[in-house]
Amino acid sequence: MNLRVILLVFVVILFLLVSILISYVSFETNSLSQGYQEGNVQIIQSTPPGTIPHIIILKNNGKKPVMIESGQILTSNISQNLVVADDEVVEQNSSESVKAYCFEPNQSAVPGSNLIPSSQASSQVKTLIANSNPNNIQNATQTQLEIWILVTRDNVNVNSGEASSLVQKQQISYSQLNQDISTAKNNLITSFNISSSEIGNFNQTSSQINLNYIINNAFKWINIFVDWVRSSLGI
């Protein structure tokens, strides 16, 4: 049997098992949207403009743990929109710091502003997040630029909002930022095997199975489930 077929079957089985585990955990947890709608969750922008990745503070005042998933879009009327970069379970009556990428480069972050859980990002953005390392500033910056290219349809305005703040925060020139954006665009073309002209229409939700995203996401949720079990048992 073809190795790719075996890998695909294994990944699908693993994904189904993880989904079952997540469903089991969900009996004892709320999703971020559920917690927010019930008035038990507050999501606060913590970091100043130009930070990569941004940090949000998620406060859970409810009686159940709240699950937050990477790829979750958070919106604001006065601050930038964000997309979550971490998978976390926030225990009841506690708070956690969660990493997130900017999802709206033309708008600046406003520390202390409240955020609202919205829809999920596209499969392409989720793949970029799953393959990124938010703890490495160079890798996280590349991922951030790639996300900006997708959400703006290859029309990043470096003279406004978070893009402009990035220049000041990292103490680089605008020409350097434009060069970094060009490099990020080439990385997108190579990673997703698309042409330059296709980038403008590429940030769409896809029903195609993405092996890298499924594998990375499956292992993340396994680790979260194991951590939750250990915490519940006091191990």
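The text that follows walks through the structure, step by step, so that each part is easy to find. (Residues numbered from 1 in each chain as written. Predicted model: local features only at pLDDT ≥ 70, side-chain atom pairs only at ≥ 80, totals over all residues. Heavy atoms only, no water.)

Our next topic: the overall build of the chain. When helices and strands are counted, the chain shows seven helices and nine strands. The buried share of the chain, reckoned over its 235 residues, is 44%. Intrachain contacts of the chain at a sequence separation of at least 6 include 70% that bridge at least 24 residues. Roughly 12,100 Å² of accessible area belongs to the chain as shown, and the carbon and sulfur atoms make up 50% of that amount. (Helix = DSSP H or I, 4+ residues; strand = E, 2+ residues; numbered from the N terminus. Buried < 20%, exposed > 50% of the residue type's maximum accessible area, 1.4 Å probe, protein only. Contact = heavy atoms within 4.5 Å. Areas by Shrake-Rupley, 256 points an atom, 1.4 Å probe, with all protein chains shown as cover.)

With that settled, consider helix α5 (residues 161-169). Taken across its nine residues, α5 has seven buried, putting it largely inside the fold. Structurally, α5 contributes buried residues whose contacts are with β3 (54-60), β8 (94-102), α4 (137-151) and α6 (174-192).

Attention now moves to unusual backbone geometry. Outside of glycine, negative phi angles account for most residues, and trans bonds account for most peptide bonds. In this structure, the amide linkage connecting I52 to the following residue, P53, adopts the cis form with an omega of -15°. Mapping P53 onto the fold places it in the loop between β2 (41-45) and β3. A positive phi angle, near 55°, is found at N93, a position not held by glycine. Checked against the element boundaries, N93 lands in the loop between β7 (88-90) and β8. Of note in this structure, D154 is not a glycine but carries a positive phi near 65°. Along the chain, D154 falls in the loop between α4 and α5. Taking the relative accessible area as the measure of exposure, D154 reaches 30% and is therefore partly exposed.

Two faces belong to every sheet, and in a regular strand the side chains alternate between them. Burial analysis of β2 places four of its five residues in the buried class, which makes it a mostly covered element. Across five bridges, the pairing between β2 and β3 is antiparallel. Residue pairing across strands places V41 opposite N60, the latter belonging to β3. (Pairing = 2+ DSSP bridges.)

V83, Y101, V125 and I147 are the most contacted members of the largest nonpolar core, which has 30 residues in total. Those elements that place two or more of their residues in this core are β8, α3 (123-130), α4, α5 and α6. Among the elements that line this core, the one with the most residues is α4, at six residues. Residues L74, L82, V84 and L115 belong to the second largest nonpolar core, which totals 14 residues. (Core = buried A, V, L, I, M, F, W, Y, C linked by side-chain atoms within 4.5 Å.)

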